Amino acid sequence: MLTREQAAGIFDRIRRFSSADEVEAIFTSSRFALTRFANNTIHQNVEEENSVVSIRTNFAGQTARANANQFDDESLRRAVAASENLARVQAPDPDLLPMPTTEEENSGEASACEGARAIRFFEHTAGITPVDRAEVVKRIVSVADKHQLTTAGIYSTSESREGIFNSRGLADWHHQTLAEVSVTMLAPDSSGWQKSNSPDVRNLDPERLAETAAQKAVESAHPREIAPGKYTVILEPAAVLDIVGFMFWDFSGVAILDLRSFLNDRIGTQLFGRNINIGDDYAHPLQAGSPFDGEGVRRRRVQLVENGVVKRVVYARSTAQKMRKSKYAATVGPIEATGHGFPLPNEVGEMPMNIVFGAPERAQDVTEMIASTERGVLVTRLWYIREVDPYEKIVTGMTRDGTFLVENGKVKSGLRNFRFNQSLVSMLSNVEAMSIPVRASGEESFDMVVPAMKVREFNFTEATKF
Amino acid sequence: MKSVAQLALDAAFRRGVTYADARLVAIRNRSLSTKSGRVGHTSESESLGIGVRVIADGAWGFAASADLSRASVEAASARAVEVAKASARVKREEVRLAPEPVAVAEWTTPYEIDPFTRSAQQNLDLLLKIDAELRAVAGVTLAETGMNFQREESWFLSSEGSDIHQTKYSTGAGYTAYAFAGSEIQKRSYPNSFGGQWQNRGYELIEEMKLVESARRVAEEAVALHHAEQCPEGTATIILDGSQLGLQIHESVGHPIELDRVLGMEANFAGTSFLTLDKLRNLRYGSELVNVVADARQEHGPGLGTFAYDDEGVAAQSTPIITRGLFTGYLSSRETAHTIGAARSGGTLRAECWNRLPMIRMTNVSILPGETPLSLEQLIASTDDGIYMETNKSWSIDDKRYNFQFGCEIAWEIKNGKRVRMLKNPSYSGITTEFWNSMDAICSREEWTLWGTPNCGKGQPQQVVGTGHGASPARFRNIRVGSAYKGS
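Residues numbered from 1 in each chain as written. Chains lettered and ligands numbered in written order. Predicted model: local features only at pLDDT ≥ 70, side-chain atom pairs only at ≥ 80, totals over all residues.

**A few points about the overall build of chain B**
We count it as follows: Strands are runs of DSSP state E lasting at least 2 residues, helices are runs of H or I lasting at least 4, and numbering of each runs from the N terminus. It is over C-alpha atoms that the radius of gyration is taken, and the globule rule equals 2.2 Å times the number of residues to the power 0.38. We call two residues in contact if the C-beta atoms placed from their backbones are at most 7 Å apart.
The number of helices and strands found in chain B is 9 helices and 24 strands. Expected size for 488 residues packed as a compact globule is a radius of gyration near 23 Å; at 23 Å, chain B falls within 12% of this value. Its C-alpha atoms put chain B at 70 × 55 × 40 Å along the principal axes. Partitioning the contacts of chain B with sequence separation of at least 6, the portion at a separation of at least 24 is 76%.

Written as structure tokens, this is what we have:
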């Protein structure tokens with residue numbers, strides 16, 4: 001993998017090869033391994049090492065990007081030329097800003113850690129071997145065997161480095177690890193699932209995940225079918241994150257300017273219930289990822305939703321400039337570059353991707369939520385979620401891997417899976433209870449710090465065959 | 001490049017493997033877009049590396065490296081063997097590969113115009129011309145266009161002696177007009193949503209798609225949707241255009257026939273399949289009119305699933321999937337062929353890039369056109385009461401591929417054989433086999449298009465590959481419509 005010093009050396013060569021007014025290079029370098037199991041056996045097992053440099057050149061309002069994963073002079077010259085050629089054929093963009101300087105990168109309000117870097121590299125994680133992963137899988141399979149179930153899942157570990165350098169002197173570097181375990185337990189007519197990840201592998205407990213998944217598979221056996229309709233649901237954190245993830249593309253200045261956000265004409269209004277508070281905070285101890293955005297601007301903590309009122313959205317540098325000049329400027333809350341931009345050039349601008357839900361005044365865990373529910377549905381996980389209506393934010397999808405009927409404060413039986421068509425605006429207005437937020441991971445959205453939620457009138461429209 | 005791949009095989013064999021293959025892949029990609037009169041993103045990418053797949057102690061191992069130096073390639077082979085031996089600690093059976101003839105071959109996608117010979121200036125000029133047409137229509141609030149080209153050159157060597165050099169080109173382009181008004185966002189796309197049309201062809205595809213000529217109509221439809229009635233909720237006869245039917249095939253035929261899903265190998269992520277092995281040649285999948293093939297051969301057309309050899313060196317084939325409504329075939333690989341009693345793999349193992357393990361993927365999974373001449377207009381004319389839907393807007397299906405729901409961008413109500421009014425927010429839903437058994441008409445070859453789906457995700461780590469889906473418009477009876485907006 002590339003070191004910061006090696007990347008800096010490559011960037012020096014790129015600068016020499018370029019005739020552009022400004023040059024930027026983003027480096028990603030990683031070692032990734034994933035052991036995959038199914039039918040109680042390891043069936044796929046992979047390791048990969050790769051490094052990529054993404055070069056952006058600027059000529060007075062013109063910019064373009066080229067990527068390469070070979071670092072010899074000829075490959076770098078070709079990539080620089082490709083970027084410059086693509087940039088030069090464009091009409092100048094009056095909104096394109098000069099690349100940021102180090103001073104600009106560090107300006108603005110401090111993050112939750114008062115500017116300190118969160119440590120997200122752990123030797124324990126980086127040092128995991130194929131045999132280590134196999135031994136963990138063996139223990140997960142033992143849990144499956146004990147319950148006479150079939151298991152499938154993954155155990156992955158990675159070490160990655162990200163860096164950004166530009167010709168105005170900005171240079172930043174991030175080094176992190178990530179370990180992840182996902183377990184499905186299958187019975188003849190039911191299943192259970194759990195997933196967890198962390199930069200520090202010591203935070204994972206694969207056998208506990210396996211036991212919980214097994215318990216769900218066993219308890220949801222012989223599922224009943226009940227009529228679709230509006231139910232009180234208890235969504236476990238992974239289900240919450242996968243469904244709410246569909247709205248965060250809209251918490252973007254560009255989305256507002258493009259008139260494609262469900263927040264158009266709604267910022268400052270009571271859109272959700274008063275118990276909903278949502279922020280974006282790279283530095284939160286349960287978050288992961290790099291401290292800078294696609295231009296190298298340091299990520300800032302942003303309170304997006306306060307007591308159900310959408311207060312603001314996030315901005316890349318140029319989006320903030322455009323918003324200040326737009327007719328929406330007086331209606332969208334604070335406007336400033338927040339360190340959420342994607343690498344330029346792009347169409348989508350920015351997005352908050354370190355979401356942290358606020359803790360409720362009186363947290364309830366899932367057991368308490370069940371105990372207080374006369375009739376409802378407990379949902380482990382949601383699947384294949386897609387947007388149906390972009391302004392009402394109606395999304396559709398399925399329940400999966402552990403759906404239960406709750407009656408009179410107790411889990412009664414497994415249920416056949418439902419299709420839902422649910423407005424996120426309505427859902428976040430109908431939250432009756434929340435747990436303490438935890439780091440959750442699903443398959444439809446990026447990882448977040450979210451609570452379990454008890455939601456009334458969740459809209460199931462159909463049931464499937466299992 | 002072959003010598004590098006051979007180096008990897010030699011290094012693996014020195015460590016005691018029973019099988020090895022090496023794929024060295026070089027990819028070049030250009031991606032351009034515009035948004036409301038300005039250039040959106042512009043990028044060129046190159047990626048080069050090698051992936052080494054081995055069987056040691058009866059289990060699989062895979063390692064990949066972008067560094068093609070001798071030391072690094074040998075280290076990648078050593079890691080693949082180490083990984084395979086670790087896999088063997090948790091195995092129930094030894095990996096078995098169906099026999100496959102040794103292949104020594106060269107192949108390149110047939111094309112007329114190498115897309116990389118067209119300048120980025122030409123590309124952007126065309127996109128900006130389309131953009132201007134879209135925004136010339138009052139009420140359009142956002143216009144997006146895009147164009148992509150890829151050249152993928154690969155060298156595959158196996159320890160059995162196969163030596164295959166392939167070069168594949170793919171091209172794609174499309175656009176969308178958005179109209180925001182009141183509390184609604186409507187959109188129309190051309191020639192398809194989510195990036196347009198994609199095929200394994202050269203720049204000639206761009207020139208044939210009538211992109212500029214169609215822009216004004218598409219933009220006008222986006223605006224007109226604001227004045228259209230809501231699609232009703234209930235049961236209806238529906239007609240789907242070819243692009244939507246292509247996605248319907250992808251989700252409710254293409255994925256459930258993947259044999260790795262059927263065997264539980266994808267259970268943790270993509271899911272399993274309702275098509276358990278007992279259903280082969282027993283299940284009435286659809287009506288007598290439903291004939292589906294998985295065809296990777298060039299003679300099927302220049303789809304995103306067209307090639308000469310798959311990524312484990314198996315020649316492209318055509319597999320009957322549904323024959324006159326009967327379920328007749330799966331997508332298989334050398335490892336899985338024996339589970340269905342097949343003597344040979346169906347040739348569907350594909351990888352996203354050099355750094356990914358090849359896995360069973362759709363090739364071109366297509367519904368064959370009707371044999372009786374029937375145009376779309378004739379099909380509509382023969383429908384007393386129904387809804388004609390065009391262009392996908394949303395798609396969702398459960399993890400066994402039974403229950404699905406699709407939304408389309410636009411629809412028209414049909415009364416007495418005529419389109420009488422536009423409908424907005426159309427959606428339909430159902431159960432896979434019930435749906436395909438309700439098909440009572442399909443248009444003939446003149447209406448058939450081989451559509452490209454460039455964004456099919458599967459596997460852990462997830463791999464995105466392109467798949468092809470030939471389809472012509474078809475009619476379905478007694479379908480649930482409008483439930484996407486029911487009570488939400």
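**Some remarks on the domain arrangement of chain B**
Interfaces are often described in size by the accessible area the parts lose on coming together. Residues and elements named next belong to chain B. We apply this condition: Domain borders in the structure are assigned automatically or taken from a domain database. For this classification, the nonpolar set comprises Ala, Val, Leu, Ile, Met, Phe, Trp, Tyr, Cys and Pro, the charged set comprises Asp, Glu, Lys and Arg, and every other residue, Gly included, is treated as polar.
Splitting chain B by domain gives domain 1 (2–227) and domain 2 (230–485). Each of domain 1 and domain 2 has a C-alpha centre, and the two are 21 Å apart. Contact with domain 1, which involves 45 residues of that partner, is made by 41 residues of domain 2. By residue class, the composition of the side of domain 1 that touches domain 2 is 19 nonpolar, 16 polar and 10 charged.

**Digging into the domain arrangement of chain A**
All names here are of chain A. For chain A, the assigned domains read domain 1 (4–29 + 50–105), domain 2 (123–215) and domain 3 (223–466). Taking only C-alpha atoms, the centre of domain 2 and the centre of domain 3 are 24 Å apart. Where the side of domain 2 that touches domain 3 is concerned, the elements lending two or more residues are β4 (150–166), β5 (171–187) and β6 (190–198). Examining the composition of the side of domain 2 that touches domain 3, we find that 7 residues originate from one element, β6, more than from any other. The residue inventory of the side of domain 2 that touches domain 3, partitioned by class, reads 5 nonpolar, 9 polar and 4 charged.

**Re the nonpolar core**
Here is the rule we go by: Residues enter a nonpolar core if they are buried, belong to Ala, Val, Leu, Ile, Met, Phe, Trp, Tyr or Cys, and are joined to the set through C-beta atoms within 7 Å. Residues with at least 20 neighbouring C-beta atoms inside 10 Å of their own are called buried, those with 12 or fewer are called exposed, and the rest are partly exposed, where every C-beta is derived from the backbone.
Core analysis: the biggest nonpolar cluster contains 271 residues, and B:Ala8 and B:Val52 have the highest contact counts within it. Contacts of B:Val52, omitting those with residues within four sequence positions, involve B:Ala8, B:Ala12, B:Ala20, B:Ala22, B:Phe62, B:Ala63, B:Ala76, B:Ser77 and B:Ala80.

**Regarding helix α1 (residues 2–14) of chain B**
Residues and elements named next belong to chain B. Note the cut-off: Here, expected helix span is obtained from the residue count minus one, scaled by 1.5 Å.
Between its first and last C-alpha, α1 extends 18 Å over 13 residues, near the 18 Å set by a 1.5 Å rise per residue. All buried positions along α1 are accounted for by Ala-5, Leu-7, Ala-8, Leu-9, Ala-11 and Ala-12. Gly-16 occupies a position one or two residues after α1 and carries a positive phi of about 85°.

**Topic: the sheet that holds strand β13 (residues 326–327) of chain B**
Residues and elements named next belong to chain B. Applied cut-off: One bridge is not enough; two strands pair if DSSP finds at least two bridges between them. For helices, the fitted axis covers only the stretch in contact; all axes are lines through C-alpha atoms, and the angles between them, taken along N-to-C directions, range from 0 to 180 degrees.
Sheet architecture is open: 4 strands sit in the order β13-β12-β11-β16, paired in antiparallel fashion. A single partner strand is all that each edge strand has here, and the edge strands are β13 and β16 (365–367). In this fold helix α6 (residues 242–254) packs onto β11 (292–295), β12 (318–323) and β16, with an angle of close to 120° to the strand it touches most, β16.

**Considerations on the environment of B:Val218**
All names here are of chain B. With respect to the helices and strands, Val-218 occurs in helix α5 (residues 211–224). For Val-218, a count of 26 C-beta atoms within 10 Å corresponds to the buried category. Each C-alpha atom, one on Val-218 and one on Tyr-388, is 16 Å from the other, the two residues being 170 residues apart in sequence.

**Quick notes on the interface of chain B and chain A**
Counting residues at the interface gives 71 residues for chain B, matched by 79 residues for chain A. Among the elements that make up the side of chain B that touches chain A, the one with the highest residue count is strand β2 (residues 38–56) of chain B (12 residues). Taken together, the residues of the side of chain B that touches chain A sort by class into 28 nonpolar, 28 polar and 15 charged. As judged from the 3 bridges shared by strand β3 (residues 62–68) of chain A and β2(B), these two strands associate in the parallel manner. Bridging across to β2(B), A:Asn67 finds its partner in B:Ser45.

**Observations regarding unusual backbone geometry**
With glycine set apart, most residues show a phi of negative sign, and most peptide bonds adopt trans. A cis amide bond links A:Leu344 to the next residue, A:Pro345, at an omega of -10°. Following the sequence through the fold, A:Pro345 ends up in the loop between α9 (317–324) and β11 (355–357). The peptide bond linking B:Gln460 to B:Pro461 adopts the cis configuration, its omega dihedral lying at 0°. Within the element layout of this structure, B:Pro461 appears in the loop between β22 (449–458) and β23 (463–471). For A:Leu259, which is not glycine, the phi torsion reads 55° and is therefore positive. Along the polypeptide, A:Leu259 turns up in the loop between α8 (253–257) and β8 (278–280). If you check the backbone angles, B:Lys210 has positive phi at about 50° while not being a glycine. For B:Lys210, the location among the structural elements is in the loop between α4 (204–208) and α5.

**Some thoughts on the pairing of strand β2 (residues 41–59) of chain A**
Most of β2(A) is tucked away, with 16 of its 19 residues classed as buried. Linking strand β1 (residues 22–38) of chain A back to β2(A) in an antiparallel pair, the connection comprises 2 residues, with A:Asn39 at a positive phi of about 50°. Judged from the 4 bridges that link them, β2(A) and strand β3 (residues 59–65) of chain B form a sheet pairing that is parallel. Opposite A:Glu49, over in β3(B), you have B:Ser65 as the bridge partner. Note that β2(A) and β3(A) share 7 bridges and pair antiparallel. Residue A:Val53 lies in a different strand from β3(A), and its bridge partner there is A:Ala68.

**What about the packing of helix α5 (residues 130–146) of chain A against helix α2 (residues 70–87) of chain B?**
Here is the rule we go by: An angle below 35 degrees is read as roughly parallel, one above 145 as roughly antiparallel, one from 65 to 115 as roughly perpendicular, and any other as oblique. Here is the rule for handedness: rotate from the far helix to the near one, and if that takes an anticlockwise turn smaller than a right angle the crossing is left-handed, while a clockwise turn gives right-handed.
It is at 9 Å that the axes of α5(A) and α2(B) come closest, and there the two elements cross at 20°. What the angle tells us is that α5(A) and α2(B) run roughly parallel. Where α5(A) crosses over α2(B), the two elements pack in a sense that is right-handed. In this structure, α5(A) contributes A:Pro130, A:Val131, A:Arg133 and A:Ala134 to the contact, and α2(B) contributes B:Glu82, B:Val83, B:Ala86 and B:Ser87.

**Here we look at the environment of A:Ser413**
All names here are of chain A. Secondary-structure assignment places Ser-413 in strand β14 (residues 410–414). Assessed through the 15 C-beta atoms surrounding it within 10 Å, Ser-413 is described here as partly exposed. Excluding residues that lie within four positions of it along the chain, Ser-413 makes contacts with Arg-224, Phe-404 and Leu-405.

**Notes on the confidence of the model for chain A**
The condition is simple: In predicted models, pLDDT denotes the confidence assigned by the predictor to each residue on a 0 to 100 scale.
In this model, chain A carries an average pLDDT of 96, and 97% of its residues clear a pLDDT of 70 or more. Overall, residues 109–115 of chain A carries pLDDT values under 50, and its contacts beyond four positions in sequence, including any with other chains, amount to 14 contacts.

**Details of the packing of α1(B) against α2(B)**
Residues and elements named next belong to chain B. The N-to-C vectors of α1 and α2 enclose an angle of 45°; their axes lie 8 Å apart at closest approach. When the axis of α1 is compared with that of α2, the two are oblique. Read as a crossing pair, α1 and α2 show a hand that is right-handed. Counting all contacts with α1, which are made through Val-4, Leu-7, Ala-8, Ala-11 and Ala-12, the residues of α2 involved are Arg-70, Val-73, Glu-74, Ala-76, Ser-77, Ala-78, Ala-80 and Val-81. Among the residues making up the contact of α1 with α2, the classes are represented as 10 nonpolar, 1 polar and 2 charged.

**Quick look at helix α2 (residues 73–88) of chain A**
Across its 16 residues, α2(A) extends 22 Å between first and last C-alpha, which sits within 8% of the 22 Å expected from 1.5 Å per residue. Those residues of α2(A) that fall on the buried side of the exposure criterion are A:Leu76, A:Ala79, A:Val80, A:Ala82, A:Ser83, A:Glu84, A:Leu86 and A:Ala87. As for α2(A), its buried residues are in contact with α1 (4–17), β2 and β3 of chain A together with β2 and α3 (120–135) of chain B.

**Notes on the environment of A:Val52**
All names here are of chain A. Within the secondary structure, Val-52 sits in strand β2. By the C-beta count within 10 Å, which is 19 here, Val-52 ends up partly exposed. The sequence separation of Val-52 and Ala-25 amounts to 27 residues, and the corresponding C-alpha distance is 9.9 Å. When near neighbours in sequence (up to four residues on either side) are disregarded, Val-52 contacts Thr-28, Asn-67 and Asn-69.

**Considering the pairing of strand β18 (residues 403–415) of chain B**
Residue and element names in this part refer to chain B. Of all 13 residues that make up β18, 11 are buried, and the element is covered over most of its length. As paired strands, strand β17 (residues 385–397) and β18 are joined by 11 bridges and run antiparallel to one another. When the bridges of β18 are listed, Asp-385 appears paired with Lys-415. Counted along the chain from β17 to the antiparallel partner β18, the turn is 5 residues long, and its residue Arg-401 has a positive phi close to 75°. Examined bridge by bridge, β18 and strand β20 (residues 427–431) share 5 bridges and lie antiparallel to one another. The residue of β20 that forms the bridge with Gln-405 is Ser-429. Relative to strand β19 (residues 418–424), β18 is paired through 5 bridges, and the arrangement is antiparallel. In the sheet register, Ile-414 faces β19, and the bridge partner there is Arg-419. Counting the residues in the hairpin turn of β18 and β19 gives 2 residues, including Asn-416, whose phi is positive at 50°.

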